[in-house]
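Examination of the molecular architecture
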Amino acid sequence: MKMETEDTIDLLHLAKVLWKHAIAIVLAGLIFGAAAFIGTKVFVTPMYDARALMYVNSTNLSLGGSKVSISTAEISAAKSLVDTYSVILKTRMTLEDVIEQSGVSYTYEQLVKMITAGSVNGTEVFYINVKSADPAEAELLANTIALVLPDKIASIVDGSSVRIVDYAVKPAVKTSPNTSKNAVLGALLGAVLSCGLIIVMDLMDDQIHDVDYLTNTYSDIPVLAVIPDLLSKNKSSYYYYRRETPQQAAGK
């Protein structure tokens, strides 16, 4: 005869436990959500993005002294140009010139972290994006780069042609942080953590709280006796059921 010693987790029981503590779970979610909302508002600096668009083209690239004709149909070549120009954009020579002309007080290391550039949908148009806590400063830097970059590229890449497609405008709406999103994530985190804590506490609870726990957990073992809680005021307890039912019957 084999004895089963493997412990199992009753998912229905855990669901009932979580439902029993639903108010605590909701409160935890509200507290964490409010903390995330306030923390984002107070401690996170709003950032603004300004974007300029430029068109890049080179019909006569110089490769080892020979001229190579590249048509716009060769999309891979266009993307290669965008990548090349993005590298030139982030060089110290280019950005130090941008710092001088714009009059900002950033160092090269600080400014290069504020700039991103790349192709727009794989075309020969590429964007220059500047992120700053000051929307006017973001606009100024993006437009200064758009003015400085063509000359820098022309001095490095033979036969290059760079034109401004669209100047940056002063951003009216912040791009980060997303306060609502952070509040929702905070609320979800609070709810998940509270659920996890409740489940762990329930699984670690090795006390026997009532007769139903014994009969449900060990259904093949009969309950021989129950020690009544004489101080309990619960009229539906086993003790009162055995003692009071005859009295109620006699009083009728």
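The rules behind these values
Residues numbered from 1 in each chain as written. Predicted model: local features only at pLDDT ≥ 70, side-chain atom pairs only at ≥ 80, totals over all residues. Heavy atoms only, no water. Helix = DSSP H or I, 4+ residues; strand = E, 2+ residues; numbered from the N terminus. Buried < 20%, exposed > 50% of the residue type's maximum accessible area, 1.4 Å probe, protein only. Contact = heavy atoms within 4.5 Å. Areas by Shrake-Rupley, 256 points an atom, 1.4 Å probe, with all protein chains shown as cover. Core = buried A, V, L, I, M, F, W, Y, C linked by side-chain atoms within 4.5 Å. Axes fitted to C-alpha atoms, helices over the stretch in contact; angles between N-to-C directions. Parallel < 35°, antiparallel > 145°, perpendicular 65-115°, else oblique. Left-handed = near helix turned anticlockwise from the far one by under 90°. Nonpolar A, V, L, I, M, F, W, Y, C, P; charged D, E, K, R; others polar. pLDDT = per-residue confidence, 0-100. Pairing = 2+ DSSP bridges. Salt bridge = Lys/Arg side-chain N within 4 Å of Asp/Glu carboxyl O.

1. Focus: the overall build of the protein chain
Regarding its fold elements, the protein chain presents 9 helices and 6 strands. The 252 residues of the protein chain split such that 31% are buried. Sequence separation of 24 or more characterises 72% of the internal contacts of the protein chain that already satisfy a separation of 6 or more. As displayed, the protein chain has an accessible area near 17,300 Å², and 60% of this comes from carbon and sulfur atoms.

2. What about the nonpolar core?
By size, the foremost hydrophobic cluster in this structure holds 31 residues, and its most contacted members are Tyr85, Leu111, Ile115, Phe126, Ile128 and Leu149. Sorting elements by how many residues they give to this core places helix H6 (residues 135–156) first, with 8 residues. Aside from chain neighbours lying at most four places away, what touches Leu111 is Leu95, Val98, Ile99, Tyr106 and Leu141.

3. Comments concerning the packing of helix H4 (residues 92–102) against H6
A pair of packed helices is captured by two measures, namely the crossing angle of their axes and the spacing between those axes. Packing of H4 against H6 leaves a shortest axis separation of 9 Å and a crossing angle of 135°. On the basis of their axis angle, the class for H4 and H6 is oblique. Where H4 crosses over H6, the handedness of that crossing is right-handed. Of H6, the residues touching H4 (which contributes Met93, Thr94, Asp97, Val98, Gln101 and Ser102) are Leu140, Leu141, Thr144, Ile145, Val148, Leu149, Lys152 and Ile156. Split by residue class, the contact of H4 with H6 holds 8 nonpolar, 4 polar and 2 charged.

4. Here we look at the confidence of the model for the protein chain
Of all residues in the protein chain, 73% have pLDDT values of 70 or greater, and the mean over the chain is 80. Scored below 50 in pLDDT, residues 1–6 makes 0 contacts in the model with residues more than four places away or belonging to other chains. For residues 60–73, every residue scores under 50 in pLDDT, and the model assigns this stretch 21 contacts once sequence neighbours within four places are set aside.

5. A short note on H4
Buried residues of H4: Thr94, Leu95, Asp97, Val98, Ile99 and Ser102, and no others. Trailing H4 by a residue or two, Gly103 shows a phi angle of about 80°, which is positive.

6. Some thoughts on the pairing of strand E4 (residues 115–119)
Inspection of the sheet shows E4 paired to strand E5 (residues 125–132) by 5 bridges, in the antiparallel sense. Note on E5: the bridge partner recorded for Gly118 is Tyr127. As consecutive antiparallel partners, E4 and E5 are separated by 5 residues, and within that stretch Asn121 has a phi angle of approximately 55°, a positive value.

7. Looking at the side chain of Thr94
Here Thr94 lies in helix H4. In contact with Thr94, other than residues within four places in its own chain, are Ile88, Leu89, Val148, Leu149 and Lys152.

8. Brief notes about the packing of helix H1 (residues 11–20) against helix H7 (residues 179–204)
Where H1 meets H7, the closest approach of the two axes is 10 Å, and the angle between their N-to-C directions is 125°. The angle between H1 and H7 places the two elements in the oblique class. Considering how the two elements wind past one another, H1 and H7 form a crossing that is right-handed. Contacts between H1 and H7 pair His13, Leu14, Val17 and Leu18 from the former with Cys195, Ile198, Ile199, Asp202 and Leu203 from the latter. Looking at the contact of H1 with H7 residue by residue, the class counts come to 7 nonpolar, 1 polar and 1 charged.

9. Considerations on unusual backbone geometry
For residues besides glycine, phi is generally negative; the peptide bonds are generally trans as well. Cis geometry marks the peptide bond from Ser176 to Pro177; its omega dihedral reads 0°. Here Pro177 shows up in the loop between strand E6 (160–166) and H7.

10. Considering the environment of Val56
With respect to the helices and strands, Val56 occurs in strand E1 (residues 48–58). Judged by its relative accessible area of 0%, Val56 is buried. Sequence spacing of Val56 and Pro150 is 94 residues, and the spatial spacing of their C-alpha atoms is 9.2 Å. Setting aside residues up to four positions removed in sequence, Val56 forms contacts with Leu81, Val82, Tyr85, Glu124, Phe126, Ser161 and Val162.

11. Let's talk about the pattern of salt bridges
Under the criterion given, the structure shown has 4 salt bridges. One salt bridge connects Asp97 with Lys152, and the closest N-O pair in it is separated by 3.4 Å. Pair noted here: Asp97 is in helix H4 and Lys152 is in helix H6, with a separation of 55 residues, a long-range link. Looking at Asp97, the relative accessible area reads 18%, which means it is buried.

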